[in-house]
Amino acid sequence: MNKVILMGRLTRDPEVRYTQNSAEPMAVARYSLAVDRRGSRNAQAGDAQNADFINCVAFGRQGEFAEKYLHKGMKIAITGRIQTGSYTNKDGQKVYTTDVVVEEHEFAESKSASSGSTGGYGGAPMDGADGFLNIPDNVDEEVPFK
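All values reported here derive from a predicted model rather than from experimental measurement.

Taken residue by residue, the protein gives an average pLDDT of 81. The fraction at 70 or more is 69%. Low confidence marks residues 117-127, where pLDDT is under 50. Its contacts with residues over four positions away, or in another chain, come to 18 contacts.

Take a look at the structure:
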């Protein structure tokens, strides 16, 4: 089984390109995630490396999602699979690659937490400190749940 679940912050905005060799161009988004390491028993006191930087690639609709919604510094959770490959660079050296092919993206924190703003997704005002929209008591009929 080849299944990966990661949570981390984007180290840069996704780099998105579209394929040219098909009738329907497909989005290909590449980015890297900084994934914190849990406390390692082998870590030395002066060890500055406390995160892994994982290369990710998203194709098709997931690539379009990355282009539209993901930005540097956002905390996201992804699921996918590891894919290895290789190519020969312009100097004739063989280069080996390891990427996570993204199958799903999820936001791992509220928009206000990641941007420092007080508004929520879609411009809805967030009055509560917990990041949820406060619903007034007089709108009972319009709310499909209680």
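A few words on the pattern of salt bridges. Enumeration according to the criterion identifies five salt bridges in this entry. For Glu 109, the salt bridge goes to Arg 9, with nearest N and O atoms at 2.9 Å. Taken together, the positions of Glu 109 in the loop between strand E6 (94-107) and helix H2 (111-115) and Arg 9 in strand E1 (residues 4-10) put the pair 100 residues apart, joining distant regions of the chain. For Glu 109, a relative accessible area of 21% translates into the label partly exposed.

Along the chain, Asp 99 falls in strand E6. Exposure remark for Asp 99: the relative accessible area of 16% places this residue in the buried category. Residue contacts for Asp 99: discarding those within four places in its chain leaves Arg 30, Asn 55, Val 57, Arg 81, Ile 82 and Gln 83.

Within the fold, Thr 19 resides in the loop between strand E2 (15-18) and strand E3 (27-36). Residues Thr 19 and Phe 59 lie 40 residues apart in sequence; the distance between their C-alpha atoms is 10.0 Å. Once residues within four sequence positions are removed from consideration, Thr 19 is found in contact with Glu 24, Pro 25, Met 26 and Val 28. Within the structure, Thr 19 has its side chain in polar contact with the backbone nitrogen of Met 26 (distance 2.9 Å).

The subject of this paragraph is the packing of aromatic side chains. Tallying each qualifying case throughout the model produces two aromatic pairs. Ring plane angle 45° and centroid distance 5.8 Å describe the contact between Phe 65 and Phe 107, whose orientation is recorded as tilted. One end of the pair, Phe 65, is in helix H1 (residues 60-69); the other, Phe 107, is in strand E6, and 42 residues separate them in sequence. Residue Phe 65 is classed as partly exposed on the basis of its relative accessible area of 23%. Residue class for Phe 107 comes out partly exposed when judged on its relative accessible area of 33%. Cluster of aromatic residues (ring-pair linked, three or more members): Phe 65, Tyr 69 and Phe 107.

The next subject is the nonpolar core. Membership of the largest hydrophobic core comes to 16 residues, with the highest contact counts inside it found for Leu 6, Tyr 31, Leu 33, Cys 56, Leu 70, Ile 76 and Ile 78. Those elements that place two or more of their residues in this core are E1, E3, strand E4 (51-59), strand E5 (75-88) and E6. Element by element, the count of residues in this core is highest for E3, at four residues. Apart from the residues lying within four places of it in its own chain, the contact partners of Cys 56 are Ala 29, Arg 30, Tyr 31, Leu 33, Ile 78, Val 100 and Val 102.

Across two bridges, E4 lies against E6 in parallel orientation. Each residue of the ladder has a partner; that of Val 57, found in E6, is Val 101. Both E5 and E6 contribute to a ladder of 13 bridges, which runs antiparallel. Paired with Thr 84 across the strands is Thr 98, a residue of E6. A loop of five residues connects E5 with E6, the two strands running antiparallel in sequence, and Gly 92 in this loop sits at a positive phi of about 85°.

What counts and how
- Residues numbered from 1 in each chain as written.
- Predicted model: local features only at pLDDT ≥ 70, side-chain atom pairs only at ≥ 80, totals over all residues.
- Heavy atoms only, no water.
- pLDDT = per-residue confidence, 0-100.
- Contact = heavy atoms within 4.5 Å.
- Salt bridge = Lys/Arg side-chain N within 4 Å of Asp/Glu carboxyl O.
- Helix = DSSP H or I, 4+ residues; strand = E, 2+ residues; numbered from the N terminus.
- Buried < 20%, exposed > 50% of the residue type's maximum accessible area, 1.4 Å probe, protein only.
- Polar contact = N/O pair within 3.5 Å; in protein donor to acceptor, adjacent residues only side chain to side chain.
- Phe/Tyr/Trp six-rings, centres within 6.5 Å; stacked < 30°, edge-to-face > 60°.
- Core = buried A, V, L, I, M, F, W, Y, C linked by side-chain atoms within 4.5 Å.
- Pairing = 2+ DSSP bridges.

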